[in-house]
Amino acid sequence: MSAIPHPDAAALQAKLPPGPAWWKRNENWVLGTVSVLVFLALWEASAAYKWVNPLFTSSPTRIVLTGTEMFADGSIYEHIAVSGYEFVFGYGLALVIGVPLGILMGWYGRVNAVLEPFVSALYATPRIALLPLILIWLGIGVASKVAIVFLGAVFPILVNTITGVRTVEADFIKVARSFGANDWQLFLTVALPSSVPMLLAGLRLGLGHALVGIVVGEMYGATQGLGYLIANAGARFQTDKVMVGIILIASAGVAMTELLRRIERRFERWRPNFRG
Amino acid sequence: MTASQQAKLDARQVSLTRYNDRTKQYLEVLRDIDLQVFEGELVTIVGPSGCGKTTFLNAVDGLIKLTAGRILVDNCQVSGPGPDRAFVFQNDCLFPWRTVLRNVAYGLEIQGKLPQREMTARAREIVELVGLQGFAEHYPHELSGGMRQRVNIARALVMEPKLLLLDEPFAALDAQTREFMQVELLKILARARTTALFITHQINEAVILSHRVAVFSARPARIKEIIKIDLPPVRALALKHEPKFVEIERHIWRLIEEEAVRPDMAAAA
């Protein structure tokens, strides 16, 4: 519902003292920025005044300098490309397999009965523990990393999709049946839309697991990638390089989480707590 | 409000026994129910709570199978849900992810006989008929309880059912809204020219709405009495204070009271 503006809204606004209103609107944003700036300043100072050995903590300026250098000489691009490739294929595969399989398992009791033991067992296993096996099977190249990313992401997606499809409200089913809906219509018009929120939450969970998979996979056995970069630089006490790698992965994670959140909002306009 | 004598609903000797999976017991819910609803008529079922009113309504909708007897709608035997009947649920059960308009169009979509544009046009017509013009694009959570029930009724009316089945549609509304919705429902049904079977716990609601009231006995439910409501055809809320209205109300109350205090009720509950 759109609010009808008061005819004198502008005039009323002008009469208000500007200070408090501006502060109220921007308080969270300003406080957040200030706290980050203070943190960066303290970090920089701790290195500059040798409160702590910068060999251990690096410092914001060193990180920026090292980062610029790595981008300038092009050495970082191959790492980004490899990790990106692993993510796109691993996570993409998890999506393409996890969602349809989850729908099948949620909808058909028999499919669920057959696959449920495997899903439960694998979901409970820390997927990282499978890494040595996967390396034996697929080698230390990109394929093993795609596999570990896939395994990390597919289970949260699968389990959430199953739960979403399974927990359709009985009342909605009754309504659909009363209007003569067949199984397929019941699925399309009731089960699917009502499981979208759970499904999207699963995608967000899977994203986190996928990133962990990339880093750990590349640390364990790899010759390229951001995880390898971090592990390798760490072994040589190149703290600045380690930090650059961490920041790159963290930013990618934040960006993709935000993207998913936007998609969620797009799908959840009907929710009571929706804030456009 | 003259009801012609063609029976829209003809329930003959309807009996229903249910098996409870958990308690491993059979429960006789309905016994030999005979009930006719004629074209243009609104018949209400009242009875002690838990007596099987909703079960009967579900059976008429075809959601539950009978143990014995037959239910005919327009002389066709009911074997499952069909487009000749539409159900208005107690909790409005609107799909929260659909707008008002798309909730109302739901039954037509499932039926899939009309092109999209016609479905929308018809749904829009019914949305206006129930007095929700201007709210077609709203989501259910943006509506009040009374408005949501209007959508619930519209969703059933859009199917142009021969028989409208209403299961305590106003039970969740506050007392004031409920009274307004009673009068509103009569107007809507008159405009839509629909025959209706209505369930309620509230006796005065039954009396103000109905041409006839069927009183169910305690479980197993039989028809204890069918009361013709001899009140002016155009009903207003003020009618509830007329001596005649109060008299009918008291009569029905006495019938239900006799049932509610039957000793076997305690055991059955």
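What counts, and at which threshold
Residues numbered from 1 in each chain as written. Chains lettered and ligands numbered in written order. Predicted model: local features only at pLDDT ≥ 70, side-chain atom pairs only at ≥ 80, totals over all residues. Helix = DSSP H or I, 4+ residues; strand = E, 2+ residues; numbered from the N terminus. Rg over C-alpha atoms; globule rule 2.2 N^0.38 Å. Buried ≥ 20, exposed ≤ 12 C-beta atoms within 10 Å, placed from the backbone. Contact = placed C-beta atoms within 7 Å. Domains from an automatic or database assignment. Nonpolar A, V, L, I, M, F, W, Y, C, P; charged D, E, K, R; others polar. Pairing = 2+ DSSP bridges. Axes fitted to C-alpha atoms, helices over the stretch in contact; angles between N-to-C directions. Parallel < 35°, antiparallel > 145°, perpendicular 65-115°, else oblique. Left-handed = near helix turned anticlockwise from the far one by under 90°. pLDDT = per-residue confidence, 0-100.

### Points about the overall build of chain B
Right, on to step 1. The secondary structure content of chain B amounts to nine helices and ten strands.
Right, on to step 2. Computed over its C-alpha atoms, the radius of gyration of chain B comes to 19 Å, within 12% of the 18 Å expected for a compact globule of 269 residues.
Right, on to step 3. With respect to the three principal axes, the spread of C-alpha positions in chain B is 55 × 45 × 35 Å.
Right, on to step 4. Counting across all 269 residues of chain B, residues that qualify as buried make up 44%.
Right, on to step 5. Across chain B, every contact between residues at least 6 apart in sequence was considered, and the portion connecting residues at least 24 apart equals 71%.

### Looking at the overall build of chain A
Right, on to step 1. Within chain A one finds twelve helices and zero strands.
Right, on to step 2. Tracing chain A from N to C terminus, the helices and strands come up as α-α-α-α-α-α-α-α-α-α-α-α.
Right, on to step 3. Here the C-alpha radius of gyration of chain A, 25 Å, is well above what a compact globule of 276 residues would show, namely 19 Å.
Right, on to step 4. The burial tally for chain A puts 30% of its 276 residues in the buried class.
Right, on to step 5. Across chain A, the fraction of contacts at a sequence separation of at least 24, relative to all contacts at a separation of at least 6, is 70%.

### Considering unusual backbone geometry
Across the chain, the bulk of peptide bonds are trans and the bulk of non-glycine residues have phi less than zero.
All names here are of chain B.
Right, on to step 1. In the segment running from Arg219 into Pro220, the intervening peptide bond is cis, with an omega of -5 degrees.
Right, on to step 2. Looking at the element boundaries, Pro220 is found in the loop between β9 (212–216) and β10 (223–228).
Right, on to step 3. Backbone geometry places Asn75, a non-glycine residue, at a positive phi of 70 degrees.
Right, on to step 4. Looking at the secondary structure, you find Asn75 in the loop between β4 (68–73) and β5 (76–77).

### What to know about the domain arrangement of chain B
Residues and elements named next belong to chain B.
Right, on to step 1. Domain annotation for chain B reports domain 1 (1–84 + 164–269) and domain 2 (89–160).
Right, on to step 2. With centres defined by C-alpha atoms, the gap from domain 1 to domain 2 works out at 25 Å.
Right, on to step 3. Listed per partner, the contact involves 15 residues of domain 1 and 14 residues of domain 2.
Right, on to step 4. Elements represented by at least two residues in the side of domain 1 that touches domain 2 include exactly β7 (163–167) and α6 (175–192).
Right, on to step 5. With five residues, α6 is the largest single contributor of residues to the side of domain 1 that touches domain 2.
Right, on to step 6. Here the residues of the side of domain 1 that touches domain 2 sort into ten nonpolar, two polar and three charged.

### Overview of the pairing of strand β6 (residues 85–88) of chain B
All names here are of chain B.
Right, on to step 1. A two-sided burial pattern is seen for β6, the buried positions comprising Arg85 and Phe87 on one face and Ala86 and Val88 on the other.
Right, on to step 2. Of the pairings in the sheet, the one linking β6 to β7 comprises four bridges and is parallel in character. Within β7, the position partnered with Ala86 by the bridge is Leu164.

### Regarding the sheet that holds β10(B)
Residue and element names in this part refer to chain B.
Right, on to step 1. Taking strand neighbours across the sheet as the criterion, the six strands line up as β6-β7-β8-β3-β9-β10 in an open arrangement whose pairing is mixed. The open sheet has two edge strands, β6 and β10, and neither has a second partner. Each neighbouring strand pair of the sheet contributes to a mean axis angle of 15 degrees, computed without reference to strand direction.
Right, on to step 2. Its contacts with the sheet place helix α5 (residues 145–157) against β6 and β7, and it is angled at close to 170 degrees to β6.

### What about the packing of helix α11 (residues 226–235) of chain A against helix α12 (residues 239–267) of chain A?
In helix packing, the relevant descriptors are the interaxial angle and the interaxial distance, both defined with respect to the helix axes.
Residue and element names in this part refer to chain A.
Right, on to step 1. Relative to each other, α11 and α12 sit at 155 degrees, their axes nearing to 8 Å. Viewed along their axes, α11 and α12 adopt a mutual orientation that is roughly antiparallel. Of the two possible hands of crossing, α11 and α12 adopt the one that is left-handed. Along its contact with α11, which presents Leu226, Leu229, Ile230, Ala233 and Gly234, the element α12 presents Lys241, Val242, Gly245, Ile246, Leu248 and Ile249.

### A look at the interface of chain A and chain B
Right, on to step 1. Across the boundary between the two partners, chain A contributes 13 residues, which contact 19 residues of chain B.
Right, on to step 2. Of all the secondary structure elements, the ones that give two or more residues to the side of chain A that touches chain B are α9 (170–178) and α10 (183–220) of chain A.
Right, on to step 3. Top contributing element to the side of chain A that touches chain B by residue count: α9(A), with five residues.
Right, on to step 4. Of the residues that constitute the side of chain A that touches chain B, the class distribution is eight nonpolar, three polar and two charged.

### What to know about the confidence of the model for chain B
All names here are of chain B.
Right, on to step 1. This prediction gives chain B a mean pLDDT of 86; 95% of its residues lie at or above 70.
Right, on to step 2. Within chain B, the element-level pLDDT minimum falls on helix α9 (residues 263–268), averaging 52, and the maximum on helix α2 (residues 100–104), averaging 94.
Right, on to step 3. With pTM at 0.73, the complex prediction returns an ipTM value of 0.80.

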